[in-house]
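Structural overview
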Amino acid sequence: MITPEISWLAILPEVMLALGAAAVLLVEVQWKPVSRVLGIIAAGSVVLAAAFSVLQWAQAADSIELGATGDLVAFSGLVLMDGLAIFGRFALLAVTAFGLLAGSRYIESLGRRSAEAIALVLLASAGFSIMVAANNLVMMFLGLEVGSIALYVLAGMSRERARSDEAAIKYFLLGSFASAIFIYGVALIYAGTGEFEVLGIREFLGSFVVFSPAVILIGLGLVLVGLGFKVSAAPFHSWAPDVYQGAPAGVVGYMAAVAKIAGFVAMTRILLTGVGALDANWLPIVAAMAALSMLVGSTLALVQGDVRRMLAYSGVAHAGFILTGVVGGTTEGILFYLAVYSLQLVGAFAVAAAVSGAGNSESALESYRGLAKKSPFLAGSFTVLLLGMAGLPVTSGFIAKFGVFTEAWANGFRWLVIVAVLASVIAFAFYLRIIVAMYMDESEAMAVDVPASSRWVLMVAVGTTILWGILPGSLLSLASDALPL
Amino acid sequence: MLTWLVLLPILGAVAVLLTPAARRELHIPMGIALSILPLGLALYLFAAFEPQVDMQFAEFHSWYEPWGIAWNLGIDGISMPMVVLTTILVPIALGASTTVTSRTKEFVVYTLLLEAGMIGVFVSLDLFLFFVFFETILIPMYFIIGIWGSERRVYAAMKFFIYTAFGSALMLAGIIALAVLHNDQVGSPSFALADLSGLDLSVGAERWLFAAFALAFAIKVPVFPLHTWLPDAHTEAPTAGSILLAGVMLKLGTYGLLRFNLQLFPKASVDAIWIMGILAVIGIVYGAAVAIVQPDLKKLVAYSSVSHLGFIVLGTFALTSGGLQGAVIQNVNHGLTTGALFLLVGMIYDRRHTKQISEFGGLQKVMPVFAGFFLFMIFASIGLPGLNGFVGEYLVLIGSFTTLPVLAIIAASGVILAAIYLLWAYERVFTGVPEKEENKALADLSIREITLLAPLTALVLLLGLYPNILLDKIAPSTEAVLDHIEASTDYVVPAPGRLGDVFVAGGEGE
């Protein structure tokens, strides 16, 4: 009997995260330690996962140099160790670490249930991490479900609050529906190509001329609906505001960021690698989704009276901007955008969590009035992050937008770029509304206490926003190396 | 050298940031002292500047090679005067801000960052870098208007930001389009002005791109009918904000039209002579007409800016030596005189807390020194011979008469209208007998206030009596712009439009 050669390295990061989750639960049962100990275990597993990802990066570079890219296909084609997967995972791990740090006050407030929250975060990251590395679409679905289910539970962790329950149920129902649509799409793609593997689909489309690709395209459309839901692209975004507002403030940033990273990396892989040959068919659809997301997100954010709902709609707009990068057709812009935006998102929700207090979800714009006086640090950090999300120069957000716009323009989608720059201007207005409330309103804000852990998260988020805005090369060169197979 | 010019205000802002917020009395003097440093450097650059065509003090460092973006700085005769003007106005604006009592630290930090950004705009030779500065300066100005402005400050700040951001958004698309075209034609992306002006553009592409850039700059200038943000921003802004807004930020528009539109899109520029000229003249007459009926002194000066900047746009699109030189020097002149007028309005506002013309009357008797300075600046603004405004408006009118005679004749009425609205305002505010009790006890200018006005007064006189000190340095660069246009299009500057055709100030330098 021949035992197939197994490249364990390909899944070690996910194994580390899963083991970390298991360890957190077991240690909790056995010793009931303070939640700080559980946090250290979680941090350890994230660090180990990152370390193995570094090894993967080195191996990917070696293999590409030797021309032996076959080594990067592991588990008989189920998962890949290419640049796209590894970069995506790094982003996921960074968001996990900062998400746990930013949510630590909330997690501690859960008391004995804090182990559950930490374990769920680690499991969600493990699932999404498999999703970004998946080559086989069924594997991708498994990753998506592992990650999503963990997030549904996280959204409902604060059971005593009706709004949190509502958010969780809504997220769960709509999310499972989207997952079902996704897997149905996968089935149709399989029906059309006879392949589950992204690389196989590319090979199939490369070697055969498909005269009527209708089945494949319908399948692709359903997959896009499913992923569009996960990344909250319009018109599949209606869950986002309720969930962002209702779920516990401490973990919303994490939830939003990981779903975006994983969803977009998967979408990039399927569209650009898998069905790249059919781009004449899907480019217009994705471009329309991008334009709709940017316009809907920016305009609806204008009329929100709640900062977290605003951030949700701004997330819809950002999904549109990243889709513009997908239309542009290169991974560099998408990955850079995902990396900088997800850190800004975690930072922004760290501010929201500090302003609304642990667990509590009140985040009306009113409560930000005069924040600059109460906590110059918080207001200043939030301002930098908002300007970064708005995409003003000297922040990483500008470089990110510039990158995706340039690619889309070069790819011939000029109208989309013009819609995008105009949507950015609309978006300025609501980011400025928050800044106005913090700096130009004299009324007194409530005293705000910022936990030390949130301070660290904010310093990193603000620091990278400015650093990558001034010296973008440090991250851009990594993103441009992170190529899919 | 130019890098330091950009960095010094930023370092200054950091230094101020590190001082304790409670030491309010420290911040503004510190800001003034720190803004003297870039002024010194700029004056040195002015002295060392050779009247030649080339970009001087040029610096080049690649920023991110694969994208072709670079830290690419340099000044020529078109940008050098603007850099000097900026560094002169910032210490004066800070000196005029002693009435700012709350959050002084932030105020000085924003002003210094604004200075760095404005200098950056003028010294950038890379379009990406230029855009970065052009857009970034909106943030400090937004805060200056929004935090320290008067009653409707938040509305005005928001309107200012969104309006100008809207214009620059389409310019961003234009910049991207140029870089992509460069990539298609040459094989590598580049944002360098020198590279992009060598692109081979179709007429259609050039017109679209011209429109995208012109919209951004026309909003900034502002060219009629895109001026509606300006009166709000000016009336609500604190004195320092108004000085820098009128003195420097509006010039980003006229500078951009001259530097980028003419240089990058010569064919479209030649085609656009009439459109831009007509809009400019509408601005001149409309701004002046609206200024006449303003009951608010600050709004009056704001609308006079709309009128005066119309001259600069007209001169730019006259595409003659006189027009371009007049445009550049008028940029400086308007910065000096309007800066001074806003400063003066700020001084009277500090005393009476009103800007309504009807509240005043007979101030000449109570504040003779103030009235003297005001009248002097009004004369400069009207364009009295011997003062700086005359030089610029004369050059613009002479220059545009060659190519756009009808428009030049209509524009000349703007000079008369300026005399009407400014002198009438002077009459209502200063002449007669003071009737209101509050006006009878007003204190005349203090030594500090005279110190602020003195350098501006001296420069107004200097540029009025000896404009060649600046024109000699401007001329080679503006001639180069015309050479570039003549080389890339069928357009030939009609005689006597070029230097040498006719006596134009600065001509003996040739």
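Residues numbered from 1 in each chain as written. Chains lettered and ligands numbered in written order. Predicted model: local features only at pLDDT ≥ 70, side-chain atom pairs only at ≥ 80, totals over all residues.

1. Observations regarding the overall build of chain B
Of regular secondary structure, chain B possesses 22 helices and 2 strands. Here the C-alpha radius of gyration of chain B, 22 Å, is about what a compact globule of 510 residues would show, namely 24 Å. By its C-alpha atoms, chain B is 70 × 55 × 40 Å across when sized along the principal axes. Among the 510 residues that make up chain B, the fraction classed as buried is 62%. Counting only contacts in chain B whose residues sit at least 6 apart along the sequence, the fraction spanning at least 24 positions is 80%. (Helix = DSSP H or I, 4+ residues; strand = E, 2+ residues; numbered from the N terminus. Rg over C-alpha atoms; globule rule 2.2 N^0.38 Å. Buried ≥ 20, exposed ≤ 12 C-beta atoms within 10 Å, placed from the backbone. Contact = placed C-beta atoms within 7 Å.)

2. What to know about the overall build of chain A
Looking only at helices and strands, chain A has 20 helices and 2 strands in total. What you see for chain A is a C-alpha radius of gyration of 21 Å, in line with the 23 Å of a compact globule of 485 residues. Taken along the three principal axes of its C-alpha coordinates, chain A extends 70 × 60 × 40 Å. Buried positions account for 63% of the 485 residues belonging to chain A. In chain A, the proportion of contacts linking residues at least 24 apart, taken out of those at least 6 apart, comes to 81%.

3. Description of the confidence of the model for chain B
Residues and elements named next belong to chain B. In this model, chain B carries a mean pLDDT of 89, and residues with pLDDT of at least 70 account for 98%. Mean pLDDT per element in chain B: helix α20 (residues 437-440) is the minimum at 80, and helix α5 (residues 127-136) is the maximum at 94. In the predicted structure, residues 506-510 sits below a pLDDT of 50 and forms 12 contacts with residues beyond four places in sequence or in another chain. Here the predicted complex carries an ipTM of 0.92, next to a pTM of 0.93. (pLDDT = per-residue confidence, 0-100.)

4. As for the environment of B:Val83
Residues and elements named next belong to chain B. For Val-83, the position within the fold is in helix α3 (residues 80-95). Taking the C-alpha atoms as reference points, Val-83 and Leu-5, 78 residues apart in sequence, are found 9.3 Å from one another. With residues up to four places along the chain from it excluded, the contact list for Val-83 reads Ala-42, Leu-45, Ile-75, Ile-119, Phe-122 and Val-123.

5. Overview of the interface of chain B and chain A
Taken together, the contact between chain B and chain A spans 25 residues of the former and 24 residues of the latter. Counting residues per element, the ones that place at least two in the side of chain B that touches chain A are α5, α6 (138-148) and α7 (153-186) of chain B. Counting residues per element, the side of chain B that touches chain A draws most heavily on α7(B), which supplies 15 residues. For the side of chain B that touches chain A, a count of residues per class yields 21 nonpolar, 3 polar and 1 charged. (Nonpolar A, V, L, I, M, F, W, Y, C, P; charged D, E, K, R; others polar.)

6. So, the nonpolar core
Formed by 408 residues in total, the largest nonpolar core has its most connected members in A:Ile118, A:Met255, A:Val258 and A:Val346. Excluding its chain neighbours within four sequence positions, the residues that come into contact with A:Val258 are A:Leu92, A:Val95, A:Ala124, A:Ser125, A:Phe128 and A:Gly147. (Core = buried A, V, L, I, M, F, W, Y, C linked by C-beta atoms within 7 Å.)

7. Focus: helix α3 (residues 83-102) of chain A
Over its 20 residues, α3(A) extends 28 Å from the first C-alpha to the last, a length consistent with the 28 Å expected when each residue adds 1.5 Å. Counting buried positions over the 20 residues of α3(A) gives 20, a clear majority of the element. (Expected span 1.5 Å × (residues − 1).)

8. Quick word on unusual backbone geometry
Cis geometry marks the peptide bond from A:Ala234 to A:Pro235; its omega dihedral reads 5°. Mapped onto the fold, A:Pro235 is located in the loop between α9 (214-230) and α10 (239-246). With an omega of 5°, the peptide bond running from B:Phe224 to B:Pro225 counts as cis. Inspection of the secondary structure assignment puts B:Pro225 in the loop between α9 (203-220) and α10 (229-236).

9. Overview of α5(B)
Residue and element names in this part refer to chain B. Counting buried residues along α5, 10 of its 10 residues qualify, which places the element largely inside the surrounding structure. The complete set of buried residues in α5 reads Leu-127, Phe-128, Leu-129, Phe-130, Phe-131, Val-132, Phe-133, Phe-134, Glu-135 and Thr-136. On its buried face, α5 is in contact with β2 (69-75), α4 (104-123), α6, α7, α8 (193-196) and α11 (239-264).

10. Overview of the packing of helix α12 (residues 279-302) of chain A against helix α13 (residues 307-328) of chain A
Residues and elements named next belong to chain A. Relative orientation of the contacting elements α12 and α13 amounts to 155°, with a least axis distance of 7 Å. By the criterion of interaxial angle, the relationship of α12 to α13 is roughly antiparallel. Every pair of crossing elements has a handedness; the one defined by α12 and α13 is left-handed. (Axes fitted to C-alpha atoms, helices over the stretch in contact; angles between N-to-C directions. Parallel < 35°, antiparallel > 145°, perpendicular 65-115°, else oblique. Left-handed = near helix turned anticlockwise from the far one by under 90°.)

11. Things to note about the environment of A:Glu366
Residue and element names in this part refer to chain A. Relative to the elements of secondary structure, Glu-366 occurs in the loop between α14 (331-356) and α15 (371-374). Overall, the presence of 14 C-beta atoms within 10 Å leaves Glu-366 in the partly exposed class. Counting along the chain gives 72 residues from Glu-366 to Met-438, while the straight-line C-alpha distance between them is 9.5 Å.

12. Things to note about the pairing of β2(B)
Residues and elements named next belong to chain B. In terms of burial, β2 is largely enclosed, as 5 of its 7 residues are buried. Across 6 bridges, strand β1 (residues 56-64) lies against β2 in antiparallel orientation. Considered in β2, the bridge of Glu-59 is made with Leu-73. Here β1 folds back onto β2 in antiparallel fashion, the turn holding 4 residues, of which Gly-68 has a positive phi close to 75°. (Pairing = 2+ DSSP bridges.)

13. A few points about the packing of helix α15 (residues 321-352) of chain B against helix α17 (residues 368-382) of chain B
All names here are of chain B. One can describe the packing of α15 onto α17 by two numbers: an axis separation of 9 Å at closest approach and a directional angle of 150°. Here α15 is positioned roughly antiparallel relative to α17, judged by the angle of their axes. Classified by chirality, the crossing of α17 by α15 is left-handed. Side by side, α15 and α17 meet where Thr-337, Ala-340, Leu-341, Leu-344 and Met-347 of the first sit next to Phe-370, Phe-373, Phe-374, Met-377, Ala-380 and Ser-381 of the second. Here the contact of α15 with α17 is composed, by residue class, of 9 nonpolar, 2 polar and no charged.

14. A word on the environment of A:Val346
All names here are of chain A. Among the secondary structure elements, Val-346 is positioned in helix α14. In the structure, Val-346 is positioned 202 residues away from Leu-144 in sequence and 20 Å away in space, judged by C-alpha atoms. Beyond its immediate chain neighbours, meaning those up to four positions away, Val-346 contacts Val-95, Phe-98, Gly-99, Ala-102, Gly-253, Tyr-254, Ala-257, Val-457 and Ala-461.

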